[in-house]
Number of protein chains: 2
Amino acid sequence: MHVDGVQLIGKDQQRGSQSAIQAVNPATGDTLEPEWAGSSQDDVKRACQLADEALDTYRETSLEARASFLETIAEEIERLGDALIERAMAESGLPEARLTGERGRTCNQLRLFARVVRDGEWLDVRIDPAQPERTPMPRVDLRQRSIALGPVAIFGASNFPLAFSVAGGDTASALAAGCPVIVKAHNAHPGTSELVGKAIQKAVARCNLPEGVFSLLYDADTAIGKALVTHPSIKAAGFTGSRNGGMTLWQLAQNRPEPIPFYAEMSSINPVFLLGNALEQRTQALAEGFVNSLNMGAGQFCTSPGLVIAREGEALNRFIDAAASALKALPSHTMLTPGIHDAYEQGVARLAAHSQVRSVARADSNDQPNACRPQLFSTDAQAVIADNTLQEEVFGACSLIVACSSDEEVRDVARALEGQLTVTLHMDEGDQQAAGQLLPILERRAGRLLANGWPTGVEVSDAMVHGGPFPSTSDSRTTSVGTGAIERFLRPVCYQDIPEPLQPEALKAGNPLSLKRLVDGQREA
Amino acid sequence: MHVDGVQLIGKDQQRGSQSAIQAVNPATGDTLEPEWAGSSQDDVKRACQLADEALDTYRETSLEARASFLETIAEEIERLGDALIERAMAESGLPEARLTGERGRTCNQLRLFARVVRDGEWLDVRIDPAQPERTPMPRVDLRQRSIALGPVAIFGASNFPLAFSVAGGDTASALAAGCPVIVKAHNAHPGTSELVGKAIQKAVARCNLPEGVFSLLYDADTAIGKALVTHPSIKAAGFTGSRNGGMTLWQLAQNRPEPIPFYAEMSSINPVFLLGNALEQRTQALAEGFVNSLNMGAGQFCTSPGLVIAREGEALNRFIDAAASALKALPSHTMLTPGIHDAYEQGVARLAAHSQVRSVARADSNDQPNACRPQLFSTDAQAVIADNTLQEEVFGACSLIVACSSDEEVRDVARALEGQLTVTLHMDEGDQQAAGQLLPILERRAGRLLANGWPTGVEVSDAMVHGGPFPSTSDSRTTSVGTGAIERFLRPVCYQDIPEPLQPEALKAGNPLSLKRLVDGQREA
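Conventions used here
Residues numbered from 1 in each chain as written. Chains lettered and ligands numbered in written order. Predicted model: local features only at pLDDT ≥ 70, side-chain atom pairs only at ≥ 80, totals over all residues. Heavy atoms only, no water. UniProt positions renumbered as here; feature names shortened; annotations may be inferred. Core = buried A, V, L, I, M, F, W, Y, C linked by side-chain atoms within 4.5 Å. Buried < 20%, exposed > 50% of the residue type's maximum accessible area, 1.4 Å probe, protein only. Contact = heavy atoms within 4.5 Å. Helix = DSSP H or I, 4+ residues; strand = E, 2+ residues; numbered from the N terminus. Pairing = 2+ DSSP bridges. Least-squares fit on C-alpha atoms with pLDDT ≥ 70 in both. Axes fitted to C-alpha atoms, helices over the stretch in contact; angles between N-to-C directions. Parallel < 35°, antiparallel > 145°, perpendicular 65-115°, else oblique. Nonpolar A, V, L, I, M, F, W, Y, C, P; charged D, E, K, R; others polar. Polar contact = N/O pair within 3.5 Å; in protein donor to acceptor, adjacent residues only side chain to side chain. Salt bridge = Lys/Arg side-chain N within 4 Å of Asp/Glu carboxyl O. Right-handed = clockwise from strand over helix to strand, strands pointing away.

Named according to an unreviewed UniProt entry, chain A is 2,5-dioxovalerate dehydrogenase originating from Larsenimonas rhizosphaerae. Listed under Sequence similarities (unreviewed entry) in UniProt, the entry text for chain A is "Belongs to the aldehyde dehydrogenase family."

Core analysis: the biggest nonpolar cluster contains 273 residues, and Phe273 and Phe319 of chain A together with Phe273 and Phe319 of chain B have the highest contact counts within it. In contact with Phe319 of chain B, other than residues within four places in its own chain, are Leu274, Leu279, Thr283, Leu286, Ala287, Phe290, Val308 and Ile401 of chain B.

Let us now look at the pairing of strand β13 (residues 307–311) of chain A. All names here are of chain A. Buried residues dominate β13, accounting for 4 of its 5 residues. Where strand β12 (residues 271–274) and β13 come together, 4 bridges link them in parallel fashion. Bridging from a neighbouring strand, Pro271 pairs with Leu307 of β13. With 5 bridges connecting them, β13 and strand β16 (residues 398–404) associate as parallel partners. Bridge pairing links Val308 to Ile401 in β16.

With that out of the way, let us pick up the relation of the copies chain B and chain A. Expressed as a screw transformation, the operator carrying chain B onto chain A has a rotation angle of 180° and an axial translation of 0.0 Å, and the superposed copies differ by an RMSD of 0.0 Å. Interpreted geometrically, this transformation is the action of a two-fold axis. Residue by residue, 100% of the interface of chain B is reproduced at the interface of chain A, so both copies engage with the same surface.

This part takes up the packing of helix α2 (residues 63–79) of chain A against helix α4 (residues 96–119) of chain A. Residue and element names in this part refer to chain A. Contact pair α2 / α4: the axes reach a minimum separation of 8 Å and the direction vectors enclose 170°. Considering the angle they form, α2 stands roughly antiparallel to α4. Of α4, the residues touching α2 (which contributes Leu63, Glu64, Arg66, Ala67, Ser68, Leu70, Glu71, Ile73, Ala74, Glu75, Ile77 and Glu78) are Arg103, Thr106, Cys107, Leu110, Arg111, Phe113, Ala114, Val117 and Arg118. Split by residue class, the contact of α2 with α4 holds 11 nonpolar, 2 polar and 8 charged.

This part takes up the side chain of His189 of chain B. Residue and element names in this part refer to chain B. Secondary-structure assignment places His189 in the loop between β8 (181–184) and α6 (190–206). At 2.9 Å, the side chain of His189 and the side chain of Ser165 are in polar contact. With residues near it in sequence (within four places) discarded, His189 still touches Glu91, Ala157, Ser158, Pro161 and Ser165.

Taking the numbering used here, the UniProt-annotated feature "domain: Aldehyde dehydrogenase" (unreviewed entry) corresponds to residues 17–426 of chain A. When the span residues 17–426 of chain A is considered, its composition is 44% helix and 18% strand, and the gap between its end C-alpha atoms is 54 Å.

We now examine the pattern of salt bridges. Scanning the entire structure with this criterion turns up 84 salt bridges over all chains. Salt-bridge contacts for Arg46 of chain A lead to Asp12 of chain A; the nearest nitrogen and oxygen are separated by 3.4 Å. A residue pair is termed long-range when its members are at least 10 positions apart, and Arg46 of chain A in helix α1 (residues 41–59) and Asp12 of chain A in strand β2 (residues 12–14) qualify at 34 residues. Arg46 of chain A gets classed as partly exposed once you look at its relative accessible area, which sits at 31%. Between Asp520 of chain A and Arg139 of chain A there is a salt bridge, with the nearest N and O atoms lying 2.8 Å from each other. Linking Asp520 of chain A in the loop between β20 (518–519) and β21 (522–523) with Arg139 of chain A in the loop between β5 (126–128) and β6 (142–148), this pair joins segments that are 381 residues apart in sequence. Accessibility expressed as a relative area gives 40% for Asp520 of chain A, which makes it partly exposed. Judged by its relative accessible area of 9%, Arg139 of chain A is buried. Taken together, the salt bridges that share partners define one network made up of Asp52, Asp56, Arg59, Glu60 and Arg145 of chain A together with Glu443 and Arg444 of chain B.

The two faces of a sheet get side chains in turn, since along a regular strand they alternate between them. Residue and element names in this part refer to chain A. Judged by which residues are buried, strand β11 (residues 262–265) turns out to be covered on both faces: Phe262 and Ala264 on one side and Tyr263 and Glu265 on the other are all buried. Across 4 bridges, the pairing between strand β10 (residues 236–240) and β11 is parallel. Residue Ala237 lies in a different strand from β11, and its bridge partner there is Phe262. Viewed along the sheet, the connection from β10 through helix α8 (residues 243–254) into β11 turns out right-handed.

And the structure:
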């Protein structure tokens, strides 16, 4: 499979007409061929029109047909074989094993959503049968199901060129919900995007679906993203990236004549609390676990541990020393793009210049282009409580250790935290009381609470929440990873006394889809 | 039970300190005693602080305790007896039977949410047990439940002084979700609000809940509403009212440093399609049913039928004649407030002055203050398609009949519709094909589709959707009536490897709450 430098609009593959982008291999600095000319405003209109035309057919596909489509996409991605991994490696600087694993996750999550579609719980069927004899007023027949919101715009993420990009979690959940998808490719991996896009395009054709179910656009600038988010046919959008980028698009989505849900996953520093007994008894292991989590993927994970909170004292000093040693021994990873590397260095410099922040350790340079040199800082609780900028995410392997004078001050830092994707507690049995006092505070500030692990590594499953209060996301009521993500793209519709021939299959008498429906307040078996 | 002109902040009852409001009996024009001095910015702060302090206790009440609290509120409202109905009649001009019925609905919906709370489905519990042996990576233990968003601000609606006001649907669903509630009383019925507020206050005390679970504020202007929506402790808001009012508050909610969900139910003209056979065969009955639905509550329902669409011809002419006759014979109802009456007259005048709109009939005046004189207009399809202002809601008994030249033009009008709470089809068996062609179009534009009934009259049940695409609401993913409303005030949290003693009850091994949990992808019985 070649990359041809084309955008994909419905079943067409064609070059764009606007300023071009090219990928850069961050490990070498080399520019990669070919170039992708950017999409035009007319391309946006055509993709949106096709998506709109596809909607009514696609959202009424049978559960089996839709599930099978998701599985076909996974198959087609796997059929891309080594070409996909090689291109993704060249475009991202990520190692082969990571990308092979990420491909597995991408295909697994498509198949997981196929299971979700078949189960049909997402339809949220509720039936209140008519009660013609009820007094003082008879009850009409009421039947509810969820339907697709409409065409969805998805923005590929830089840091997961497969699992959170063209056929990533947002796309999988939107397609599962019955929404046609238009992806704006991330400029860091245009070739990877094209390959995966073509796999989806093939799956659309193999499954005889309307071509508008999927399109893929490119842009050297931000015009196409803005045009997508403000197009009247687009009824929701998914984004993973920076807080600035997310909020700019979010504002546009809110200021449309018809505002739409805009799901932005933006920034999180994933605080880690080291409680007294655990810190005392597992100092070395915690230090090593921490720096490994910090350096994973050069710290370019949404869940990278950017803040460590503990009581000051001898144990914390040992932890800091051990972490500093371990950090200096870390391998240096190539960052995803020169731009991300620059922003990382600026973020490190910003913290280094802060009067209340001390540098603990920095890894050496390996003299490769765009290499990430992990950085550890320390400060005290009052500094973090007083200055919100110390909570600003530095995307990359950079973390700040916060020394607190008391358990109460630990809780004060917890109360001062902004919304987070994750918060971690390291605790032993003797720490349960302290942990119990922290949990209600932390629950209000995070989507995932974890004990005795590291936040990096996100399971794709039913119980995962990858979301959280602002600014970690723009909408804490949802998750972008895991099966709950399908709910972002649905809305309920009630059918009152609609004659049975016109009722959607899911609502008909006799339960032809064998769903677990809520009938008269009782759940069907 | 007296009305004392007091605001309720936690367990306190005290006069406000700002400009006062007094209710007006719209049926007589008389000003009613006492006056309510408005709440201050400090009152907002205190109510928010109490709500914030109450949150952690209240959101962790047992299912039984919370359900029992909702039932206690219903009991306390019933114990207000005739005093409540009398005050509500004086403040709203609504007849006794309507208010007695509305009190029944208010208490029933509190009890319905008690059932929902006990069932525990709202917890949305999902458990993915650890798989330590899984390769290549072990799976951690993941447990998800939903928790309360936080304190919620609720704006009482003018047109349901009981069922959508202080203890109405928004309050019931927010309290059911575990959110403390601060209500801004509607100025049209301050005494009714105080009485119901005191009933809730008593229930809080009887159930030994923290006082901050409920507060009730008053304001002669908009400052208190704005202060509530922008207070950092408030994490969501519910509003039922005008599009202007709703969007103003919605904008404030979106432009906070931390944006919050703002559920505004704003405007809907509830189109009614009269399909060929039904119109031909049931002309007279449809005309009578229509004008009765239109005049119900003086047209002051969110679901009042403000647009009627049919093919032109002899049958439509007969329908128009019959509707005109029936309209003139309608009783004249008192509108809720002088302000609403003025706005209604202005809305009627606006349509009357439109060059493409003809007046069909208007009911006579009964010479009472604030009497609603139902008005019927007609126009043609192209006028509605060309001019969006013809879709602007006129709150009150006013409707526009749209004559279409063909079935295709009927569908063109359907395509031109803004988002609606309801769309109605009148159809006989011979109309099924036409109805089937309309349904996919209408589904994209409404929250509730009904056949052969009238949109006024909203059942409070599991399958009800009282919501819909913008501008009928600000968030089509939800409903404000029915048990689904609880979901507006919840967000998911995932607990990863949290030791069992610290796990919430709902997530523990052995399923102590007997919930139907999703465990490893399977629903527990």
